[in-house]
Amino acid sequence: MPRPHCHRSYFALYRIGMRHQSFWIALRRRCVPACAILCLATFVASSSAQADKPSADKGSHDKSAAKSEQEQPAPLPPAAHTEQSIQIDGKTLKYTVTVGALPVYDKDGKKVADVVTTAYTVDGSNRPVTFAVNGGPGAASVYLNFGAIGPKHVQFGNEGDSPSDDPKLIDNPGTWLGFTDLVFIDPVGTGFSRSLVDEDKSKKLFYGPEQDVEYLSRIIYDWLVKNDRLQSRKYIAGESYGGFRVPRMTYFLQSQLGVAMNGEVLVSPYLSPAAEDNENLSPLPWMLTLPAITAAHLEREHKLTPEAMAAVIAYTRGDYAEALLKGRSDPAATAAMIQKVTEMTGLDPQFVKFSGGRLDTEAYLREVYREQGKIGSVYDSNVTMFDPFPFAPEQRANDPLLASIIAPLTTAMVDFDTRVVGWKVDARYHALSYEVNRLWQRGGEERAGSVTQLRQAVAADPKLRVLIAHGWNDLSCPFMASILITDQMPVMGDPTRVAVHEYPGGHMFYTRLSSRLALREDVEAMFAKH
């Protein structure tokens, strides 16, 4: 699901800001990362910071902690199971759904959180298992579960979809269950997962890039041990900020917990937030957005093809980058570039001219549909809604896609857990938690991205394979970023071990059936190689 935004929006929840209780306005042009759907302490809690505070503050904190411990929520119910079946490629596949919680303990052995998982398993020997996480920070795993790879699907995220549509679950022909068991993990503070300690301790234990990776990796380890699956082939998938998590989790599991993954699938990943830096000097920020904006235009013109996008990519990494670097030293190159960008995007020539061929995401999303009184989504600019504040100097509405998907996903997941599976829980479900995003500790580790860990994990295991999947229309985590990142990686053996695949659609391209089926085919082919 959305992370709070990738490029110039990298963490969708974060960029989508805290103004008007939505994430959209906070850091208008760049978020500290920008995926609302996304990010320094260690997993071990420490009391030293509190010891440095004045005694009055410490006393107040102690009282708050004591009160917190006295008001512990009711225990979550034991795991519940149900048997279901699905028709895949003309065959009936029977599977078991298990919803339950795994505990998280601090260094002193005290239980500090419950992490809820939803597992789909099929009887049989030699079945791989795939763990899946979403992003935010603050997003539950329901987006990958009911949107992309689970055995059930709910319609959401496409142009014309309404939050009040019937959130009916149907069989998902794009599910990966035919070739792997699936375990969806809801990080602390998302879904029904919850912290059992106060806010300050929660931030130290869970809400930052390093501690997040450590406890989530331990959840994978614990699930494997509890379910006697350490000998299974193991894969991990993450979307958006989950794409930030996965390379780090893979390397942590591999090098610290002693559990090696066979492969990674990164869906619309947030890998390198620093790629958007230095917009007044570096061509990179503009190279990331131009192909996605062009793809959306080609789609509106019914001309979007892999061949057309290959030409767009070649121009972006060639003449476009060169013209931006030349700047005023070559006025003819600049003029030619502005004319070319106008042709590629279909935008108003004056808008492109006054932008210098550098298309800012937020400006574009308002400009492209201004005559219709609409705005486009950063996750897929061809998904629109009416702009409730069309004359404001900046966008004041929530993102069109985010505004429409929380209701159907929440309703579908809560009904599935409590009625279908029978996991009777009396708590609020957080498909997208603004509170987690607010508490997230951002800093150097988040800005460092995950490319370092991606390279290290691939280098350490010559059999590890990585599939990076993007929708062409995504402006939150543009596909061009992953292309440029992988282009700079050493080959390290088979050059196809780290591969970028693009599909029609946006950040959640899998909401389109054809793209979801294509993703399944590509992932299954990757699994077959290891």
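Residues numbered from 1 in each chain as written. Predicted model: local features only at pLDDT ≥ 70, side-chain atom pairs only at ≥ 80, totals over all residues. Heavy atoms only, no water.

1. What about the overall build of the protein chain?
- A tally of regular secondary structure across the protein chain gives 18 helices and 14 strands.
- Residue burial in the protein chain is summarised as follows: out of 530 residues, 59% are buried.
- Entry remark: accessible area of the protein chain is about 20900 Å², with carbon and sulfur atoms responsible for 51%. (Helix = DSSP H or I, 4+ residues; strand = E, 2+ residues; numbered from the N terminus. Buried < 20%, exposed > 50% of the residue type's maximum accessible area, 1.4 Å probe, protein only. Areas by Shrake-Rupley, 256 points an atom, 1.4 Å probe, with all protein chains shown as cover.)

2. Re helix H7 (residues 241-257)
- Counting buried positions along H7 gives 13 out of 17 residues, so the element sits mostly inside the fold.
- Backbone geometry just after H7 places Gly258 at a positive phi near 75°.

3. A short note on the environment of Leu475
- Relative to the helices and strands, Leu475 is located in the loop between strand S13 (465-471) and helix H17 (479-487).
- A relative accessible area of 0% means that Leu475 is categorised as buried.
- In this structure, the C-alpha to C-alpha distance between Leu475 and Pro291, residues 184 residues apart in sequence, is 9.3 Å.

4. Here's the deal with the pattern of salt bridges
- In this structure the tally under the stated criterion is 21 salt bridges.
- Taking the shortest distance from any N to any O, the salt bridge between Lys152 and Asp171 comes out at 2.8 Å. With Lys152 in strand S5 (residues 152-153) and Asp171 in strand S6 (residues 170-171), this residue pair connects regions lying 19 residues apart in the sequence.
- Judged by its relative accessible area of 14%, Lys152 is buried.
- For Arg229, the salt bridge is made with Asp181, and the minimal N-O distance between the two is 2.9 Å. Remark: Asp181 occurs in strand S7 (residues 181-185) and Arg229 occurs in the loop between helix H6 (209-226) and strand S9 (234-239); sequence separation between them is 48 residues. Residue Arg229 shares its accessibility class with Asp181, and that shared class is buried.
- Among the ionic contacts, a cluster of salt bridges with common partners joins Lys111, Asp114 and Arg194. (Salt bridge = Lys/Arg side-chain N within 4 Å of Asp/Glu carboxyl O.)

5. Observations regarding H6
- Over its 18 residues, H6 runs 26 Å from end to end, which matches the ideal 26 Å to within 8%, given 1.5 Å per residue.
- Once H6 ends, the next one or two residues include Asp228, with phi positive near 55°. (Expected span 1.5 Å × (residues − 1).)

6. What to know about the pairing of strand S1 (residues 80-88)
- The alternating pattern of S1 places Ala80, Thr82, Gln84, Ile86 and Ile88 on a buried face and His81, Glu83, Ser85 and Gln87 on a face that is not buried.
- Direction of pairing for S1 relative to strand S2 (residues 91-105): antiparallel, over a ladder of 9 bridges. What sits directly across from Ser85, in S2, is Lys94. (Pairing = 2+ DSSP bridges.)

7. Quick word on the environment of Ser217
- By the secondary structure assignment, Ser217 is in helix H6.
- C-alpha separation for the pair Ser217 and Arg248, spaced 31 residues apart in sequence, amounts to 9.3 Å.
- Apart from the residues lying within four places of it in its own chain, the contact partners of Ser217 are Met249, Phe252, Leu253 and Leu257. (Contact = heavy atoms within 4.5 Å.)

8. Side note on the packing of helix H8 (residues 284-300) against H17
- In contact at an axis separation of 7 Å, H8 and H17 are set at 125° when each is read in the N-to-C sense. In terms of orientation, H8 lies oblique with respect to H17. Residues Leu284, Met287, Leu288, Pro291 and Ala292 of H8 pack against Phe479, Met480, Ala481 and Leu484 of H17.
- Of the residues assigned to the contact of H8 with H17, the class counts are 9 nonpolar, no polar and no charged. (Axes fitted to C-alpha atoms, helices over the stretch in contact; angles between N-to-C directions. Parallel < 35°, antiparallel > 145°, perpendicular 65-115°, else oblique. Nonpolar A, V, L, I, M, F, W, Y, C, P; charged D, E, K, R; others polar.)

9. So, the pairing of strand S3 (residues 111-121)
- With 9 of 11 residues buried, S3 is to be regarded as a mostly interior element.
- Inspection of the sheet shows S2 paired to S3 by 10 bridges, in the antiparallel sense. Bridge pairing links Pro103 to Asp114 in S3.
- Adjacent in sequence and paired antiparallel, S2 and S3 are bridged by 5 residues, among which Gly109 carries a positive phi angle near 85°.
- Taken together, the 2 bridges between S3 and strand S8 (residues 194-195) define a ladder with antiparallel strand orientation. Its bridge partner being in S8, Asp114 is matched across the sheet by Arg194.
- For S3 and S7, the ladder comprises 4 bridges, and the chain directions are antiparallel. Counted as the bridge partner of Ala119 is Val183 from S7.

10. Quick notes on the confidence of the model for the protein chain
- Residues at a pLDDT of 70 or more form 87% of the protein chain, whose mean pLDDT is 87.
- Across residues 3-70, where pLDDT falls below 50, the model places 294 contacts with residues more than four positions away in sequence or in other chains. (pLDDT = per-residue confidence, 0-100.)

11. Some details on the packing of aromatic side chains
- Per the stated rule, a full pass over the model turns up 20 aromatic pairs.
- Note on Trp176 and Phe527: the rings are 6.5 Å apart at their centroids and 70° apart in plane angle, and the pair reads as edge-to-face. Of the two residues, Trp176 is situated in the loop between S6 and S7 and Phe527 in helix H18 (residues 513-528); the sequence distance between them amounts to 351 residues. Comparing Trp176 with Phe527 shows no difference in burial state: the two are buried.
- On the numbers, 6.0 Å between centres and 40° between planes, the contact of Tyr315 with Tyr320 is tilted. (Phe/Tyr/Trp six-rings, centres within 6.5 Å; stacked < 30°, edge-to-face > 60°.)

12. Some details on the nonpolar core
- Grouped together as the largest cluster of nonpolar side chains are 146 residues, with contacts concentrated most on Tyr143 and Phe206.
- For this core, the leading source of residues is H8, giving 9 residues. (Core = buried A, V, L, I, M, F, W, Y, C linked by side-chain atoms within 4.5 Å.)

13. A few points about unusual backbone geometry
- The omega angle of the peptide bond from Gly136 to Pro137 is -5°, so this bond is cis rather than trans.
- Among the structural elements, Pro137 can be located in the loop between strand S4 (129-133) and helix H4 (142-149).
- Although it is not a glycine, Asp89 sits at a positive phi angle of roughly 55°.
- Along the polypeptide, Asp89 turns up in the loop between S1 and S2.
- Relative accessible area serves as the criterion here: at 63%, Asp89 is assigned to the exposed category.
- The backbone of Ser240 sits at a positive phi, close to 65°, despite the residue not being glycine.
- Mapping Ser240 onto the fold places it in the loop between S9 and H7.

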